[in-house]
Amino acid sequence: MNEWLDLAVALLILSNFMLVNTSRLMSCIRIVAIQAVILSVIALLSHLHALDVRLVVLVIITVALKALVLPQVLKRVTVGTGVERELSPFVGYSLSLMAGGGLLALSFLMSHFLTVPEPGLSRFFLPASLFTIFTGLFIIIARKKAVTQVMGYMAMENGIYAFGVSLAIHEPFIVEISVLLDVFVAVLIMGVAIFHISHEFDHIDTDQLSV
Amino acid sequence: MLLWSLIVIPALAGLFCLLSRSGSLSRFMLPLVSALHFILVVCCWMTYTCPSVPPEWIGLDDAGLLFLSVTSVTFLLTSFYAFGYIRREGRAQTMDMEEGFFFKNSPDAVFVGCLLFFLSTMTLVTVSLHLGLVWVAVEATTLSSTPLIYYHRHHRSLEATWKYLLICSVGIALAMLGNFFVVVAGTGIGEHGVHLSLLSLSEHADKLNPAWLKAAFVLCLVGYGTKIGFSPLHTWMPATYSEAPSMVAALLSGALKACAFLALLRIHQVMTLAGLGATSRSLFMVLGVVSLFTAAVFIVRQTDFKKMLAFSSVEHMGILALGVGVGGTGIFGSMFHMVNHSLTKTLLFLAAGNIVHSYRSRTDLDIRGLIYSLPKTAVLWIIGALAIVGVPPFGTFLSELTILKSMVHAGRFGLAAVYLFLLGVIFAAISASVFPMVFSKRTGDSCSAAASAVTPSEEPLWSVLPLWVMAAAVLVLGFYMPPFLSDIFHGIAVSLGGL
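Just so we're clear, the structure is a prediction, and the values are computed from it rather than from any experiment.

*Asks:* When you look at the nonpolar core in this model, what are you seeing that I'm missing?
*Replies:* Across soluble globular proteins, you tend to see nonpolar side chains buried next to one another. Residues and elements named next belong to chain B. Core analysis: the biggest nonpolar cluster contains 252 residues, and Leu66, Tyr224 and Trp381 have the highest contact counts within it. Considering every element that reaches this core, the biggest residue donor is helix H6 (residues 155-185), with 20 residues. In contact with Leu66, not counting residues within four places along its chain, are Met335, Met338, Val339, Leu485, Ile488, Phe489 and Ile492.

*Asks:* Even after reading the chapter, I still don't get the interface of chain A and chain B, so can you show me in this structure?
*Replies:* A common way to state how big an interface is: give the accessible area lost once the parts meet. Taken together, the contact pairs 41 residues of chain A with 34 residues of chain B. For the chain A and chain B pair, buried surface summed over both sides reaches about 3500 Å², with 80% attributable to carbon and sulfur atoms. For the pair chain A and chain B, the interface holds zero salt bridges. Residue assignment for the side of chain A that touches chain B shows that the elements contributing at least two residues are helix H5 (125-142), helix H6 (146-167) and helix H7 (173-201) of chain A. Considering only residue class, the side of chain A that touches chain B consists of 28 nonpolar, eight polar and five charged.

*Asks:* Looking at this model, I keep getting lost on the sheet that holds strand S2 (residues 102-105) of chain B. Mind explaining?
*Replies:* Hydrogen bonding along the main chain pairs the strands of a sheet, whether they run parallel or antiparallel. All names here are of chain B. Read from one edge to the other, the open sheet built from three strands follows the order S1-S2-S3, with strand pairing classed as antiparallel. Every interior strand has two partners, whereas the edge strands, strand S1 (94-95) and strand S3 (152-153), have only one. Of the pairings in the sheet, the one linking S1 to S2 comprises two bridges and is antiparallel in character. Looking at the pairing, Met95 lines up with Phe102 of S2.

*Asks:* What am I meant to see in the layout of surface pockets here?
*Replies:* Remark: the empty space left among the atoms is shown by a probe the size of a water molecule rolled over them. Roughly 960 Å³ of volume is contained in the largest pocket. For the lining of the largest pocket, the secondary structure elements donating two or more residues are H7 of chain A together with helix H1 (2-20), helix H4 (108-127), helix H5 (131-149) and H6 of chain B. With eleven residues, the top contributor of residues to the lining of the largest pocket is H7 of chain A. Considering the residues around the second largest pocket, the lining is formed by 24 residues, among which Ile140 of chain A together with Leu166, Ile167, Val170 and Thr235 of chain B are closest to the centre. Going through the elements one at a time, H5 of chain A together with H6 and helix H8 (210-228) of chain B are the ones with two or more residues in the lining of the second largest pocket. Looking at the lining of the second largest pocket residue by residue, the class counts come to 15 nonpolar, five polar and four charged.

*Asks:* Explanation requested: the environment of Ser34 of chain B in the structure shown.
*Replies:* Residues and elements named next belong to chain B. You can see Ser34 is positioned in helix H2 (residues 23-47). We classify Ser34 as buried; its relative accessible area is 1%. Measuring from C-alpha to C-alpha, the distance between Ser34 and Ile9 comes to 9.7 Å, with 25 residues separating the pair along the chain. Those residues in contact with Ser34, other than ones at most four positions away along the chain, are Phe75, Leu76 and Ser79.

*Asks:* Explain the environment of Thr71 of chain B here, please?
*Replies:* All names here are of chain B. Positionally, Thr71 belongs in helix H3 (residues 62-89). Sequence separation of Thr71 and Ala137 is 66 residues, and the distance between their C-alpha atoms is 14 Å. Discounting chain neighbours no more than four positions away, the residues touching Thr71 are Leu119, Met122, Thr126, Ala255 and Cys259. A distance of 2.7 Å separates a polar side-chain atom of Thr71 from the backbone oxygen of Phe67.

*Asks:* In this structure, what is going on with the packing of aromatic side chains? I would like to understand it.
*Replies:* Where two aromatic rings form a pair, the distance of their centres and the angle of their planes describe that pair. Residue and element names in this part refer to chain B. Scanning the model with the defined rule gives 21 aromatic pairs over all chains in all. Here Phe336 and Phe489 contribute two aromatic rings whose centre-to-centre distance is 5.8 Å and whose plane-to-plane angle is 45°, an arrangement assigned as tilted. One end of the pair, Phe336, is in helix H13 (residues 329-359); the other, Phe489, is in helix H20 (residues 483-495), and 153 residues separate them in sequence. On the basis of relative accessible area, Phe489 is assigned to the buried category, the value being 0%.

*Asks:* How should the packing of helix H12 (residues 305-326) of chain B against H13 of chain B be read in this particular structure?
*Replies:* When two helices pack together, you describe them by how their axes are tilted relative to each other and by the distance separating the axes. All names here are of chain B. Where H12 contacts H13, the axes come no closer than 9 Å and their chain directions differ by 175°. In terms of orientation, H12 and H13 fall into the roughly antiparallel class. Every residue of H13 that contacts H12 at Phe305, Lys306, Leu309, Ala310, Ser312, Ser313, His316, Met317, Ile319, Leu320, Gly323 and Val324 is listed here: Gly330, Ile331, Ser334, His337, Met338, His341, Lys345, Leu348, Phe349, Ala352, Ile355 and Val356. Here the contact of H12 with H13 is built from residues that sort into 14 nonpolar, eight polar and two charged.

*Asks:* Would you mind going over the state of the cysteines with me for this structure?
*Replies:* A disulfide bridge is the covalent bond that connects two cysteines by way of their sulfur atoms. Residues and elements named next belong to chain B. Scanning the entire structure with this criterion turns up zero disulfides over all chains. The cysteine Cys220 is free of any disulfide, with Cys168 supplying the nearest cysteine sulfur at 15 Å. What makes Cys220 buried here is its relative accessible area of 0%. For the unlinked cysteine Cys259, the closest cysteine sulfur is that of Cys168, found at 13 Å. With relative accessibility at 1%, the residue Cys259 sits in the buried group.

*Asks:* How should I be thinking about the pairing of S2 of chain B in this particular structure?
*Replies:* Residues and elements named next belong to chain B. Here S2 shows a clear split, with Phe103 and Asn105 buried on one side and none of Phe102 and Lys104 buried on the other. Linking S1 back to S2 in an antiparallel pair, the connection comprises six residues, with Gly100 at a positive phi of about 80°. Of the pairings in the sheet, the one linking S2 to S3 comprises two bridges and is antiparallel in character. Across the sheet, Asn105 pairs through a bridge with His152, a residue of S3.

*Asks:* I keep staring at unusual backbone geometry and nothing clicks. Help me out?
*Replies:* Excluding glycine, most residues fall at negative phi; most peptide bonds, likewise, are trans. Residues and elements named next belong to chain B. For Arg301, which is not glycine, the phi torsion reads 65° and is therefore positive. Tracing the sequence through the fold places Arg301 in the loop between helix H11 (277-299) and H12. By relative accessible area, Arg301 is classed as exposed at 79%. Positive phi outside glycine occurs at Arg360, with the angle close to 55°. For Arg360, the location among the structural elements is in the loop between H13 and helix H14 (370-373).

The rules behind these values
- Residues numbered from 1 in each chain as written.
- Chains lettered and ligands numbered in written order.
- Predicted model: local features only at pLDDT ≥ 70, side-chain atom pairs only at ≥ 80, totals over all residues.
- Heavy atoms only, no water.
- Core = buried A, V, L, I, M, F, W, Y, C linked by side-chain atoms within 4.5 Å.
- Buried < 20%, exposed > 50% of the residue type's maximum accessible area, 1.4 Å probe, protein only.
- Helix = DSSP H or I, 4+ residues; strand = E, 2+ residues; numbered from the N terminus.
- Contact = heavy atoms within 4.5 Å.
- Buried area = accessible area lost by both parts, 1.4 Å probe.
- Salt bridge = Lys/Arg side-chain N within 4 Å of Asp/Glu carboxyl O.
- Nonpolar A, V, L, I, M, F, W, Y, C, P; charged D, E, K, R; others polar.
- Pairing = 2+ DSSP bridges.
- 1 Å grid on protein atoms, 1.4 Å probe; cavity = no way out; pocket = protein on both sides within 12 Å on 5 of 7 lines; lining within 4 Å.
- Points joined across faces, edges and corners; volume = space filled by probe spheres on them.
- Polar contact = N/O pair within 3.5 Å; in protein donor to acceptor, adjacent residues only side chain to side chain.
- Phe/Tyr/Trp six-rings, centres within 6.5 Å; stacked < 30°, edge-to-face > 60°.
- Axes fitted to C-alpha atoms, helices over the stretch in contact; angles between N-to-C directions.
- Parallel < 35°, antiparallel > 145°, perpendicular 65-115°, else oblique.
- Disulfide = S-S within 2.5 Å.

Function-wise, these values are silent; they only describe arrangement.
This is the structure we're talking about:
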């Protein structure tokens, strides 16, 4: 079973690189949605020996929200703003790719100092989830479009969630559900805000918000 | 039961406002619900006994009760102001004061509904004793306050809203990671590891893995610190505070910051119990000094007086952090200062709202001769400014002195010197900006057209009375501290390992 887990973790890392290197907003949305699916698979695989109803329900809700509903919302917002791609980000795409490599190295370095007390977990798991968090943060900083920044936020949330579901599984159900709900509402409000921004400014470049 | 009604009543009322879509009905709901909330909080005080074993999810301890009361009082006083404010501003087209275009405000029902949700979520922050629930509540405060900042519907406030929403959400996401780190720190203890409830964490505090716990504290410090506005993380504050309506800025500064600070105190409590108090205290001190420094740099020659108040908030959060960082009586002083700051800053923001309304400007150069045009507000503005810089008869002076004393007591003379110096700079800068606003004569030609255009305008009761209550409270706290308050400060200090 471990090799499947390693494969999923590798896919997660790959998806981050794709996210960093994609300019088309629709592709970005799709990648973030796929990431949510990969994460749910990781969560299931890493708890195969003790699978319970709670976890399955949680995973189903996650997939429904993060891989179906939220991407749909973001797609509608993107179509509404009429922007197809992020053309001139603060950090160019090839440079972003290199930065991604650097962030991956940093995540491995950091997880070197933190030992995961959970056995049976892929040892690439901690660096991979840290890498997802860093990628999200990087995208928020390096991109101009409000939609892309929301994507960065979602990637970051994905990373944190991956970490949480796989390591902190003993937390009560209600907390995890409310966390999901908070993230859901946050992205919804961001979507509404983007709608207002595009209406008010005729563009969604956050560096030019104050005209 | 009492606690549940504190959370549920404002939330239901908020929902009712959103659904009813009736502006006038919602307007009356606001003071009504906040008065009810306040009465319930008083009931909490009546029945309060410090629990020996705290409940797992929702309950009151010393810190929770104190922060709950501060939130409730601030909200109650602001709600009377808001009642009049909304009625005056309404849905009419308003001309923008800087660029001269026309804009509308958001519908009253939506605004009031979000205000009530905001109250409900802040209450939840103060009463939850579970780190996961605290996180959920703090994030919910961000979400419910976002529409409040976008009350004036124009592009500058939209920009401020976006900044607030994105920066705070990202920050809070890091705090979530911090919570997970706490869980990892407790894996392998007992049968299922520890839960995030304070009860379970304090039972097993000595067995928590120190490396993970330290990392967790740093993440939470960054996360909640964004919300509190510690210095390198304060970037959303100036824009948000100057673009949001004054009463929203007052609530963000007076109540919300206190709530986020409470979230941080909860983690600090766990760190102290785990024997890592020294680490968290030194981090608090570093952030405190950096915040004071940033505030001192930016307050000097700040021309927008609402931004000046925002940086003053950064300063005072720095002072709170320093007090907690030094420990001992510093924690006592810090809690006392939190109460004083909430009252004073709310007073100042509301007064600033009055000034902005009648002068249509936020630049302090445009505002001259307040004492002639808005005599009541001018007096309150002076009182607030004197209190915020820590001049003797006010409570802020006493609390800042207590923190200074704790530094000297702990032998940190260098820190005390830096603290005094930065406070001095801020004192000078705020006075230099506030006194000319109030006392200099109107000179029609030399300053600007805005100054000469102002004629003595009326100041309705709602815009002055709540402010007087706050001014009186800060003044009284400078002379006399009620025993119930000092008891609770003492209790908090003991629970955080001071005294």
